[in-house]
Amino acid sequence: MFRYLIRRLLAAALIMLVITTITFFIFFALPSDPALLACGKTCSPSRLAEIKHSLGLDQSYLTQYWEFLKGLFAGRDFGDQSVRIHCGAPCLGVSFQTDTPVLTTLLSDFPADLSLGLGAAVAFLVLGVGLGTVAAVRRGRAADKAAVGLALFGVSVQIYFIGLLLLYLFVDKFQILPTSGYTSITEDPAGWFKGLILPWTTLVIVYLAMYTRLTRSSMLEVFAEDYMRTARAKGLPAATVVLKHGLRAAITPIITIFGMDVGSLIGGSAVITESVFGINGIGKLAVDSVQNSDLPVILGTTLFAATFVVLANVVVDLVYGLVDPRVRLA
């Protein structure tokens, strides 16, 4: 297990290096000049040259890339002697708009994504697997048709439609919940929970459909295996056959999808949900940085999201061996 973990971490580090390299050079392949974007609309040639020098943009691309990699491990300094900004490791650059390290901005918005992503992921995993299992066990009956119909509804609707509908019903019309927004759990636990109920519900409705259908199809495939018929023939309780022998074997593809979804949600992929409910998370930060042409923040959010997706896949590979004994971590 330990050797396998080391190999997976090394592979993850290599993948992150490739992603970092591609993202960095795409950053410089854009037609716009980063120094000109940082300088603003009214920018003199002398001021433009100063900004290029302070950001290290007057050096070759390879030199800039090497400085960027060094900054990830040792930090960097931006600016000149009069105005100098220190960016501690891991340094993802300094925002053109706020002159603050990108990582500082990301970490300030990260709790919102963590709360939104983890809360919704746990809910749609439990509900999706539960509904899918019931649908497979009750195949062709009313429960199966209801679960499939609910899944079809979730696939058909969009996040912005569900989000706006929930806001209208529970905030504007019936005034059951407060206006949307994120409140830190350390400041007000009750406000934190109330503010995330509707975003969680929106994501659960959308993601529930996929997990219900995937669980149902996986369970039906497992039910057709010979060892399942043998377990029933032995007279084992139905719950033992379904949960211990059936669900444990069918859950492997579900874990794969779940790991990727959790990594992307925590990394800021719930941008539409954040925009609808006024949550200042990393997804909304990425959209704002694109609108403001804040290239360091765009680069930082991309790498931040990629990191969580890669780490989530490493965790998924480790969970395989614990959930399914047929999987051996060689």
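Quick note: structure is the one above.
Bear in mind that the values here come from a model prediction, so they are computed numbers and not experimental data.

**With respect to the packing of helix α13 (residues 282-291) against helix α14 (residues 295-323)**
For the pair α13 and α14, interaxial distance at closest approach is 9 Å and the crossing angle is 150 degrees. The orientation of α13 relative to α14 falls into the category roughly antiparallel. Considering how the two elements wind past one another, α13 and α14 form a crossing that is left-handed. Across the interface between the two elements, Ile 282, Leu 285, Ala 286, Ser 289 and Val 290 from α13 touch Val 297, Ile 298, Thr 301 and Phe 304 from α14. Each residue belonging to the contact of α13 with α14 can be placed in one class, and the counts come to 7 nonpolar, 2 polar and no charged.

**Digging into the packing of helix α7 (residues 159-173) against helix α8 (residues 189-223)**
Contact pair α7 / α8: the axes reach a minimum separation of 9 Å and the direction vectors enclose 140 degrees. Relative to α8, the element α7 lies oblique. By crossing handedness, the relation of α7 to α8 is classed as right-handed. Judged by residue contacts, Ile 159, Ile 162, Gly 163, Leu 166, Leu 167, Phe 170 and Val 171 of α7 engage Leu 198, Thr 201, Thr 202, Leu 203, Ile 205 and Val 206 from α8. Class assignment for the residues of the contact of α7 with α8 results in 10 nonpolar, 3 polar and no charged.

**Remarks on unusual backbone geometry**
Note: most residues except glycine have negative phi, and most peptide bonds are trans. The omega angle of the peptide bond from Ala 89 to Pro 90 is -5 degrees, so this bond is cis rather than trans. Along the chain, Pro 90 falls in the loop between β2 (84-87) and α5 (102-137). Non-glycine residue Asp 99 carries a positive phi angle of around 60 degrees. Checked against the element boundaries, Asp 99 lands in the loop between β2 and α5. By relative accessible area, Asp 99 is classed as partly exposed at 47%.

**Here we look at the pattern of salt bridges**
Going through the model one piece at a time under the given rule, you end up with 5 salt bridges. Measuring nitrogen to oxygen at the nearest pair gives 3.4 Å for the salt bridge that ties Glu 67 to Lys 70. Residue Glu 67 and its partner Lys 70 are located together in helix α4 (residues 61-74), separated by 3 residues, close to a single helical turn. By relative accessible area, Glu 67 is classed as partly exposed at 24%. Residue Arg 229 pairs with Asp 226 through a salt bridge whose shortest N-O separation is 2.2 Å. Here Arg 229 pairs with Asp 226, and both are found in helix α9 (residues 226-233), just 3 residues apart, close to one helical turn. We classify Arg 229 as partly exposed; its relative accessible area is 45%. On the basis of relative accessible area, Asp 226 is assigned to the exposed category, the value being 53%.

**A short note on α5**
Between the first and last C-alpha of α5 there are 50 Å, a value that for 36 residues agrees with the 52 Å anticipated at 1.5 Å per step. At Asp 109, α5 shows its strongest bend, of approximately 40 degrees, with the proline Pro 111 following within four residues.

**Remarks on the nonpolar core**
It is characteristic of soluble globular proteins that their nonpolar side chains tend to be buried jointly. Core analysis: the largest hydrophobic core is formed by 76 residues, its most contacted members being Phe 124 and Leu 203. In terms of residues, this core owes the most to one element, α8, which gives 13 residues. When neighbours within four sequence positions are excluded, Phe 124 is seen to be in contact with Val 129, Leu 203, Val 204, Tyr 207, Leu 208, Tyr 211, Phe 258 and Leu 265. Listed in part, the 5 residues of the second largest apolar core include Ala 12, Met 16, Val 310 and Val 314.

**Some words on the packing of aromatic side chains**
In total, this model carries 13 aromatic pairs according to the counting rule given. When the ring of Phe 124 is compared with that of Tyr 207, the centres are 4.8 Å apart and the planes differ by 10 degrees; the resulting orientation is stacked. Within this pair, whereas Phe 124 is found in helix α5, its partner Tyr 207 is found in helix α8, the two being separated by 83 residues in sequence. With relative accessibility at 0%, the residue Phe 124 sits in the buried group. The structure contains a cluster of three or more aromatic residues connected by ring pairs, namely Phe 24, Phe 25, Tyr 65 and Phe 68. In this structure, Lys 173 is placed above the aromatic ring of Phe 174, and the distance from its NZ or CZ to the ring centre is 5.8 Å. When the ring centre of Phe 223 is taken as reference, the NZ or CZ atom of Arg 232 above it lies at 5.5 Å.

Conventions we followed
Residues numbered from 1 in each chain as written. Predicted model: local features only at pLDDT ≥ 70, side-chain atom pairs only at ≥ 80, totals over all residues. Heavy atoms only, no water. Axes fitted to C-alpha atoms, helices over the stretch in contact; angles between N-to-C directions. Helix = DSSP H or I, 4+ residues; strand = E, 2+ residues; numbered from the N terminus. Parallel < 35°, antiparallel > 145°, perpendicular 65-115°, else oblique. Left-handed = near helix turned anticlockwise from the far one by under 90°. Contact = heavy atoms within 4.5 Å. Nonpolar A, V, L, I, M, F, W, Y, C, P; charged D, E, K, R; others polar. Buried < 20%, exposed > 50% of the residue type's maximum accessible area, 1.4 Å probe, protein only. Salt bridge = Lys/Arg side-chain N within 4 Å of Asp/Glu carboxyl O. Expected span 1.5 Å × (residues − 1). Bend = angle between axes of the 7 residues up to and from the residue. Core = buried A, V, L, I, M, F, W, Y, C linked by side-chain atoms within 4.5 Å. Phe/Tyr/Trp six-rings, centres within 6.5 Å; stacked < 30°, edge-to-face > 60°. Lys NZ or Arg CZ within 6 Å of the ring centre and 35° of its normal.

As far as function goes, none of this settles anything; it's purely spatial.
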